[in-house]
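Structural features, examined
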Amino acid sequence: MTTDTASWLPLSAGERSVAIEVLLHGPLSRTELSRRLSLSAGSLTRLTKPLIESGLLVEAPEAGLAAETRQGRPSQPLDVVAESRSFIGFKITDDMVYGVVTTLRSEVIARHDRPLASLDPAGVVGVLGEMADELARAHPRLAGVGIGVGGLVRDRAVVGDSPFLGWRDVPLAALVGERTGLPVVVENDVAALVESETWFGAGRGLDRFVVLTIGAGIGYGLVLAGRRVPCAEEDRGFGRHWILDPGGPLTPDGERGSAVSLLTVPSIRYQVQAATGRTWSYEEILARAAAGEPMPARVVDEAARALGVLVAQIANFVMPEKILLAGEGVGLMDVGGATVEAAIRAHRHPLAAPVALETKVSDFHDWARGAAVLAIQVLVLGAAQG
C-alpha cells in the first residue's frame, strides 16, 4: 500500500494557518482569508501558491458565493477538494475494531468492522492491516490512518498503558505503519473525539468547550482558545476520584460516590445486579427505570442526579460556551433528563447563565471518525507521525 501525501508535507507555519482556515471554514475568498489571518495580499499569494500547486487547495467556482470584486475583477474563493484524499479511522475495543473512511472534511463515506479473536498486539495489528487493505481497494487515495484506544498514549505513537486492552508500551503507530505503508497516528480515544468535535463538530468555532463522555468509563476533554488542553493524567481514571456524592454507592471500580461508581455503564449494571440478583443490559435497565420498576428507577435516578452535579461543577469552574455529552451511556438523558436539569440548576448560582448542554447519541463509529480526524490533522498540520 502506498501514499501520495509527500508533496503536501511539510507545511510552513503560515501555510498551515491558511490550510486550516480554508479546511474548517471554506470556501473563502482571498479577501476574507487576508482579513481572518491579518495577511497582506502579497503574503497570502506567497502562502497559497504552493498549496494550490500541491493540490491541497483549489480555486473554487463562485456559484453560491457573494461575488467580491477588486477594480471589477472577481476574487475566486479558495477551497479544499474534500474527496481528493481519504482517511481511515479505527477504534479498538476489547472485542472489536470499528473502522471508517472519511473525506478530508471528515464526512464518513464507508464503515468496516471486524471482531477480535484476541488482544495480542501482533494479532490486532494483523487485523488492522487486513482491514486497511480491504478499504484501500475501494478507496485508493488513502492518505493516513488514525487509531483511537482507551488508555494512555505517548507521542501519538505508543500505547503506554491501556487497561481495556491489557497493553503496556506497545509501539502501535510504528507497527501499523510498517504493515500498511501509510502515515499512522495513535491517540487516546477521548482526546481523538475532542479533536474531531473541535474541528468539525459541536465545538467548531468555540473558544471554551468541554466534551464529557459516559460509557465504559468517564472521559473528559477541555478546549481553551479553540485548542484541546492535553494533560499528563489523560484517561488515567480521574473519574474514580471525582466525588459527586460522598454517601453514594461503592462499586468494584471507583471510590464511593465517584463519577465512575455512579455513572459508568458497568457500575450501573453492577448496582442493579447486586440489588436484584438479575443481570440486565444497560438498555434493559433504562427501559425498566422508565417503566417505574423500583430498583432500576432508583439507580438511574441517582445516576441522573450525579450527572447533573458533574455538569454543574464543570460549568461553575470552566465556564464553557458548550458542554457536549457523548458516549454509549448517553441514553441516561432519555430517562433521567429532567433530573439532570434539576440537579444542574440546584448546583448553579440562580443568576448564572443556562448551561449549553448538547447530547450526542454516538456509537463506536463516532470514536473511529475522531481517530480519522487525527490523520487529517497530521496531513494538514505536518504533525509528528508514528
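In what follows, the accompanying structure is described.

Conventions adopted
Residues numbered from 1 in each chain as written. Predicted model: local features only at pLDDT ≥ 70, side-chain atom pairs only at ≥ 80, totals over all residues. Heavy atoms only, no water. Helix = DSSP H or I, 4+ residues; strand = E, 2+ residues; numbered from the N terminus. Expected span 1.5 Å × (residues − 1). Buried < 20%, exposed > 50% of the residue type's maximum accessible area, 1.4 Å probe, protein only. Contact = heavy atoms within 4.5 Å. Pairing = 2+ DSSP bridges. Axes fitted to C-alpha atoms, helices over the stretch in contact; angles between N-to-C directions. Salt bridge = Lys/Arg side-chain N within 4 Å of Asp/Glu carboxyl O. Core = buried A, V, L, I, M, F, W, Y, C linked by side-chain atoms within 4.5 Å.

What follows covers helix α3 (residues 41-54). With 14 residues, α3 should reach 20 Å at 1.5 Å per residue; the first-to-last C-alpha distance of 20 Å fits that figure. Here α3 has its buried residues at L44, L47, T48, L51 and S54. Buried residues belonging to α3 abut α1 (13-25), α2 (30-37) and β4 (78-79). Once α3 finishes, G55 follows within two positions and takes phi at roughly 95 degrees, a positive value.

It is worth spelling out the sheet that holds strand β11 (residues 167-170) at this point. Reading across from one edge, β9-β10-β11 is the order of the three strands in this open sheet, with antiparallel pairing throughout. Each edge of the sheet is formed by a strand with only one pairing partner; in this case those strands are β9 (152-154) and β11. Each neighbouring strand pair of the sheet contributes to a mean axis angle of 20 degrees, computed without reference to strand direction.

According to the stated counting rule, one finds 21 salt bridges in the structure shown. A salt bridge links E32 to R36, with the nearest nitrogen and oxygen atoms 2.9 Å apart. Here E32 and its partner R36 are both found in helix α2, four residues apart, which amounts to about one turn of the helix. R154 is the partner of D169 in a salt bridge, and the nearest nitrogen-oxygen pair spans 3.0 Å. Of this pair, D169 sits in strand β11 while R154 sits in strand β9, placing them 15 residues apart in sequence. The partly exposed category is assigned to D169, whose relative accessible area is 46%. Each of the salt bridges in this network shares a partner with another, and the network as a whole consists of E21, E32, R35 and R36.

Within the secondary structure, I243 is located in the loop between β15 (227-228) and α7 (259-263). The spatial distance from the C-alpha of I243 to the C-alpha of V260 is 9.0 Å, given a sequence separation of 17 residues. For I243, the contacting residues outside a window of four places in its chain are E255, R256, G257, S258 and Q313.

Bringing the side chain of T102 into the picture now. When you line up the elements, T102 lands in strand β6 (residues 96-102). Discounting residues that sit within four places of it in the chain, T102 has contacts with R85, S86, F87, E107, V108, I109, A372 and I376.

Summarising the sheet, strand β10 (residues 158-162) and β11 pair through three bridges and their orientation is antiparallel. Each residue of the ladder has a partner; that of D161, found in β11, is R168. Counting the residues in the hairpin turn of β10 and β11 gives four residues, including G166, whose phi is positive at 75 degrees.

Ranked by size, the top nonpolar core spans 37 residues in total, and within it L212, I214, L244, L263, L307 and L332 carry the most contacts. When residues of this core are traced back to their parent elements, those giving at least two are β13 (208-214), β14 (218-224), α7, α8 (265-276), α9 (282-290), α10 (294-318), β16 (322-326) and α11 (332-346). Examining the composition of this core, we find that twelve residues originate from one element, α10, more than from any other. Beyond its immediate sequence surroundings of up to four residues, L212 is in contact with I218, G219, L307, L310, V311, I314, L324, L325 and A326.

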